[in-house]
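One letter stands for each residue in the lines below.
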Amino acid sequence: TIEKKPTKKKGEAPAPPVKRPKRCFHEGMRVWVANSNTADQCRWLRATVTASGKNGKVGVRLESGEVIEVSRREDSLLLAGNNNYAEVDDLTNLSSLNEAEVLESLECRFQNGQICSKAGITLVSLNPFKEIPGLYDDTAVQRCHQDGTSKTDAPHVFAVAEKAFSSLRYAIGSPNQSIIVSGESGAGKTWNTRCLMKYLTSVALYKNPGGFSPPPVKCIERRILDSNPILEAFGNAGTARNHNSSRFGKYIQLQFDRGSHIIGASIQTYLLEKTRLVHQADGETNFHIFYQIVKEATEEQRAEWGLTTHTGDDVIFAYLPLDDGGPQGANENQVFSRTQQAMENVGMTHMHQEHIFQVLSGILHLGNLEFTCDEEFDPCELDEEVSRDSLEHACRLLGLDPTSLTTSLIYRRITASHNKRQSVFMKPCSVEESGVRRDCVSKVIYARLFDWLVAFLNKHTSANQWHAFIGLLDIYGFESFASNSLEQLCINYANEKLQQHFVTHFLRAQQEEYEKEGISWDFCTFSDNQPCLETIEGKLSVFSLMNEECRLNRQSDPTSFEDKLLAAVESPFLTKAPMGHQQSAFTIKHFAGMVTYDSHGLIEKTKDPIPMELIEVLMASTNQFVTKIIQPEQERLQELQSKGSKSKVNMTVVSRFKESLGSLMNTLTSTTPHYIRCIKPNQQCQPDLFDSRFVASQLRACGVLETVAISAAGFPSKLSHADFCQRYSMLLPRKDRNGMGSVRDRCRLIYRSLFGGDDDKENQADSSSAQQLGKTKIFLREGQLEYLESQRLKK
Ligand code: ATP
Ligand code: MG
């Protein structure tokens, strides 16, 4: 078992940062100096130490020739190593381990067309924003696979897939694997997940006598691959950050038999961003499928779905922002025929497809219903003139009764209890309230349609039994915007969970390597993020208070949510929003940074209320497909009502998300994990552009810099005995250079003559010692290699 710092209780201060040996700067040492020009994308500048300086400052000469004094703090001054950066394919093997070196290496490799690097057990994959010829083609699959044994160890997404695939057979203990793909929007998670699926479905076939070829239509591999375009059509949209952004998280389990052949797959999705259906930010679009329909439907379909007006023009839909081609590149995601073909391949009949497209067009027409009233706040009615056609089409396509639909939109049902007697009455709604109810109906239908699709795909692709699985997790990365709400809170909570899982696993892997080499390391220096998680999801926490507020269901309350929260939950991870923040808000200190969440509207979103009378209208539909997809929602609401207000805490958005994430974490913990961190090299989505400031912030947010920091806190530099002798023998007095004895003995001689040290004590269980001699490698503390290098330069 790994030794970790004991979990701290609520209210305790976070653990002190990892304690590291003091850094020494000698004249002639090469260093990195933080670039004070923050407008420049380049984060660190090369320099050479000219004087060790006083008052915590160090004198350096920049490459431009300028000599300056800089603070010796780690955010200003870092040690530079001596690497052939493009050739270092594992960042933890960099001779100096710090942010500047990591960035330099990633950039050199990126500009060289090598978009992938390893960081210990993690694969770091940069998005090239261009095709790199041959990188993901069938030859690359074959090369990587080489008959089931992984001979290539070069960093590549296929190599990760191969490692997981071969572990299915050779793993000791549970054969199940998972590949966790994370990164910010547009970083390439979905792209890499597709590559993993392509690889895994191909190698499973590759073993077949038929040889290597794309999977034929009828086979399960094809069906699994075809679930992608369907999910993307319904769940992806164009956003400011990515023209094909997944608006849901997904976990796909590929199921294998004993012979490592794929026999099925199951999909679990998380948090579809259903508000996008009714509202999109400027320059963003709705889900792709709607554009596919309105742009590519045949004449016959257009008539059937009411996409053309009496005068022959295209109907303009309120839910679809006027399409000026959408965000760049959006069109490539809008191929209706491809979606239809994929639907057919996974086994959806024409009738199914017809039903689905009818519902989608019905939703578009619903969105065009408008309400009107004489005076503001007066009861409203349907604006007949504007909405007549839309109402007719929506009701025809969704099988609804126009009068009951209209009534349910403009009246709210209120149940009041008085003297143990319940009375029900209808309260007229304002124009705004009716609009909210209309959008609520649309969102329920769409969300339930999405669930139905996922269930359909599972039914048609999942095997009943399997020997082992490889799970692929494509889930949103850490988010911090100018304004953050429930979505960000859930996403960041998920990332916090995944980070904890990662750190636990990483520490174990690190410990295994040190143990194999027979050296000791103090594991207690690293703190975990359990206290932050406690603050979010614990017994008395952000989530518990949110649920409590939902349960109390108060209409108006003078005390703001953040005041109640801050009074109830005492934690160093939860604070008031910083001064100057406009709205009522609170701040959480996540491992990846501080995020301020707006509490305005938070509780309403958490409740996600769906009035029963709206569901009843939908359940009265004459369209059986509609009642089929809505039925689970009705059952959920009925269960809620029958259990009374007490059970409501279990039904809020956060409690449901916490539950599904909990079960995901249990699954992940039972597997051997592999990690892929996707990085976006610049915000403009341009090829060949490396913005090192932007990259650094992502490396921090996805834990790569933390991995490096943990490595640096141990013995960040490791060299084989032979390499060490060859490079540093010259530092010995001439008479000792060609000494006798094993390479290991010579290593010991060299470092002892340079650093001093006791005889035969180098490997005693004193993990604080400066360097340790392992069985095959020598392990050095941070700064020692740089010191050796500066000594070499002097010779
Ligand atoms: P989101 O969180 O918004 O869903 P994402 O991380 O899933 O984002 P992707 O959709 O996978 O991002 O990638 C965005 C775009 O970047 C892709 O549509 C593709 O054009 C490009 N891209 C990503 N990875 C690669 C790659 N390895 N090679 C070429 N292009 C790529
Ligand atoms: Mg995606």
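Let us look at the structure shown here. (Residues numbered from 1 in each chain as written. Chains lettered and ligands numbered in written order. Predicted model: local features only at pLDDT ≥ 70, side-chain atom pairs only at ≥ 80, totals over all residues. Heavy atoms only, no water.)

## Notes on the overall build of the chain
At step 1: From N to C terminus, the chain includes 25 helices and 24 strands.
At step 2: Within the chain, the fraction of its 795 residues that count as buried is 53%.
At step 3: Sequence-distant contacts in the chain: of pairs separated by 6 or more residues, those separated by 24 or more amount to 66%.
At step 4: Put simply, the chain shows about 36,200 Å² of open surface, and 50% of that area lies on carbon and sulfur atoms. (Helix = DSSP H or I, 4+ residues; strand = E, 2+ residues; numbered from the N terminus. Buried < 20%, exposed > 50% of the residue type's maximum accessible area, 1.4 Å probe, protein only. Contact = heavy atoms within 4.5 Å. Areas by Shrake-Rupley, 256 points an atom, 1.4 Å probe, with all protein chains shown as cover.)

## What about the coordination of the magnesium ion (ligand 2)?
At step 1: Looking at the magnesium ion (ligand 2), one finds its protein donor set to be T190 (OG1) and S246 (OG), positioned 2.0 to 2.1 Å from the metal centre. Separated by 56 residues along the polypeptide, T190 in helix α4 (residues 189-206) and S246 in strand β10 (residues 245-246) bring together distant segments of the chain.
At step 2: Residue classification places T190 among the buried residues on the basis of a relative accessible area of 10%. (Donors = N, O, S within 2.8 Å, 3.2 Å for Na, K, Ca; no water.)

## Details of the pattern of salt bridges
At step 1: In the structure shown here, the tally under the stated rule is 28 salt bridges.
At step 2: Here D474 ties to K250 by a salt bridge, and the two come within 3.3 Å at their closest N and O atoms. Of this pair, D474 sits in strand β17 (residues 468-474) while K250 sits in strand β11 (residues 249-256), and the two are 224 residues apart along the sequence.
At step 3: Residue classification places D474 among the buried positions, given a relative accessible area of 3%.
At step 4: Connected through salt bridges with shared partners, the residues R247, E273, R276 and E284 form a single ionic network. (Salt bridge = Lys/Arg side-chain N within 4 Å of Asp/Glu carboxyl O.)

## With respect to helix α20 (residues 653-669)
At step 1: For α20, spanning 17 residues, the distance from its first C-alpha to its last is 24 Å, which sits close to the expected 24 Å at 1.5 Å a residue.
At step 2: Every buried residue of α20 is listed here: V653, V654, S655, F657, L661, L664, M665 and L668. (Expected span 1.5 Å × (residues − 1).)

## Side note on helix α10 (residues 384-398)
At step 1: Maximum bend of α10: about 30 degrees, positioned at S390.
At step 2: Within α10 the residues assigned to the buried category are S387, S390, L391, H393, A394, C395, L397 and L398.
At step 3: A positive phi of about 70 degrees marks G399, the residue just after α10. (Bend = angle between axes of the 7 residues up to and from the residue.)

## Considering unusual backbone geometry
Most peptide bonds are trans, and most residues other than glycine sit at a negative phi.
At step 1: Even without being glycine, S260 reaches a positive phi, approximately 60 degrees.
At step 2: Assignment of secondary structure puts S260 in the loop between β11 and β12 (262-270).
At step 3: A residue is classified by how much of its surface remains accessible, and S260, at 3% relative accessible area, is buried.

## A short note on the packing of aromatic side chains
The relative placement of two aromatic rings is captured by the distance of their centres and the angle of their planes.
At step 1: Inspection of every chain in the model, using the stated rule, returns 19 aromatic pairs.
At step 2: Geometrically, the ring pair formed by Y136 and W191 is edge-to-face, given 6.1 Å between the ring centres and 65 degrees between the ring planes. Here Y136, found in the loop between β7 (122-126) and α2 (138-145), pairs with W191, found in helix α4; they are 55 residues apart in sequence, far enough to count as distant.
At step 3: According to the relative accessible area criterion, Y136 is buried, its value standing at 17%.
At step 4: The exposure class assigned to W191 is partly exposed, which follows from its relative accessible area of 40%.
At step 5: In this structure an aromatic cluster arises from ring pairing among Y136, F158, W191 and Y199.
At step 6: Taking NZ or CZ as reference, R677 lies 4.7 Å from the ring centre of F502, over its face. (Phe/Tyr/Trp six-rings, centres within 6.5 Å; stacked < 30°, edge-to-face > 60°. Lys NZ or Arg CZ within 6 Å of the ring centre and 35° of its normal.)

## Quick look at the site of ligand 1
At step 1: Near ligand 1, the surroundings consist of 18 residues, among which S185, G186, K189, S245 and S246 are the closest.
At step 2: N127 is positioned such that a nitrogen or oxygen atom in its side chain is 2.8 Å from an oxygen atom of ligand 1.
At step 3: One nitrogen or oxygen atom from the main chain of A187 is found 3.3 Å from an oxygen atom belonging to ligand 1.
At step 4: For ligand 1, the accessible surface in isolation is 630 Å², of which the surrounding protein chains cover 92%.
At step 5: Mapped onto the shell around ligand 1, the elements with two or more residues apiece are α4 and β10.
At step 6: The element best represented in the shell around ligand 1 is α4, accounting for three residues. (Near = heavy atom within 4 Å. Polar contact = N/O pair within 3.5 Å; in protein donor to acceptor, adjacent residues only side chain to side chain.)

## Digging into the nonpolar core
At step 1: Core analysis: the biggest nonpolar cluster contains 137 residues, and F234, I289, I356, L360, I445 and Y446 have the highest contact counts within it.
At step 2: Among the elements that line this core, the one with the most residues is helix α12 (residues 431-461), at 12 residues.
At step 3: Apart from residues no more than four positions distant in its own chain, I445 is found in contact with V359, I363, L366, L398, L618, I629 and I630. (Core = buried A, V, L, I, M, F, W, Y, C linked by side-chain atoms within 4.5 Å.)

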